[in-house]
Amino acid sequence: MARILIVDDSPSQLMGIRRIVEKLGHEAVTAEDGAAGVRAARDHLPDLILMDVVMPNLNGFQATRTIKRDAATGHIPVILVTTKDQETDRIWGIRQGAQGYLTKPFSEAELTEAILSTIGHGDAPPPAGDAA
């Protein structure tokens, strides 16, 4: 089981993403803006951060850059999960240190794939038919 930090200023987005994370068997930790996300990353040292971009106090680009430059948190992968769907936004996010970029609205399958491709399948059983 991984610990996943979800940073989003929308309560409905936090709840929806948290539901998917927990359905996958992971622990969800939440923060409601970029500054709180940076603090939560330091406090909880999650295995993955799902970061919104458009937020008060510190936007997701700034928070990602801060997390990636900190020796204590720089190893944590960040996936930006945002409504900002321009290619320049994606490039900027990657330049700030994000490992992935997912645009809203997204499907449960898209978010699941982004999580699994970043942190692996964890304790999930192998697909049927695979030799153990």
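Our structure is the block above this text.
A.B. asks: How would you sum up the pattern of salt bridges? Please name residues and give values.
C.D. replies: Under the counting rule described, the total for this entry stands at nine salt bridges. Between K84 and D89 there is a salt bridge, with its nearest N and O atoms 3.8 Å apart. Here R90 ties to E87 by a salt bridge, and the two come within 2.7 Å at their closest N and O atoms. Of the two residues, R90 and E87 both sit in helix 4 (residues 87-95), three residues apart, roughly one turn of that helix. R90 sits in the partly exposed class, given a relative accessible area of 34%. Here E87 falls in the partly exposed class, since its relative accessible area comes to 46%. Taken together, the salt bridges that share partners define one network made up of D8, D52 and K104.

A.B. asks: Describe the sheet that holds strand 5 (residues 100-103), naming the residues involved and giving the relevant values.
C.D. replies: In spatial order, the strands read 2-1-3-4-5; together these five strands make up an open sheet with parallel pairing. Strand pairing shows two members of the sheet lacking a second neighbour, strand 2 (27-31) and strand 5, which therefore form its edges. Between one strand axis and the next, the sheet turns by 20 degrees as a mean value, whatever way the strands run. Bridge count between strand 3 (residues 48-51) and strand 4 (residues 78-82): three bridges; the pairing is parallel. When the bridges of strand 4 are listed, I49 appears paired with V78. Here helix 2 (residues 34-44) sits on the sheet in contact with strand 1 (3-7), strand 2 and strand 3, set at roughly 165 degrees to strand 1. Lying over the sheet, helix 5 (residues 108-119) contacts strand 1, strand 3, strand 4 and strand 5, oriented at roughly 145 degrees with respect to strand 3.

Conventions and cut-offs
Residues numbered from 1 in each chain as written. Predicted model: local features only at pLDDT ≥ 70, side-chain atom pairs only at ≥ 80, totals over all residues. Heavy atoms only, no water. Salt bridge = Lys/Arg side-chain N within 4 Å of Asp/Glu carboxyl O. Helix = DSSP H or I, 4+ residues; strand = E, 2+ residues; numbered from the N terminus. Buried < 20%, exposed > 50% of the residue type's maximum accessible area, 1.4 Å probe, protein only. Pairing = 2+ DSSP bridges. Axes fitted to C-alpha atoms, helices over the stretch in contact; angles between N-to-C directions. Contact = heavy atoms within 4.5 Å.

Don't take any of this as a statement about function, it's just geometry.
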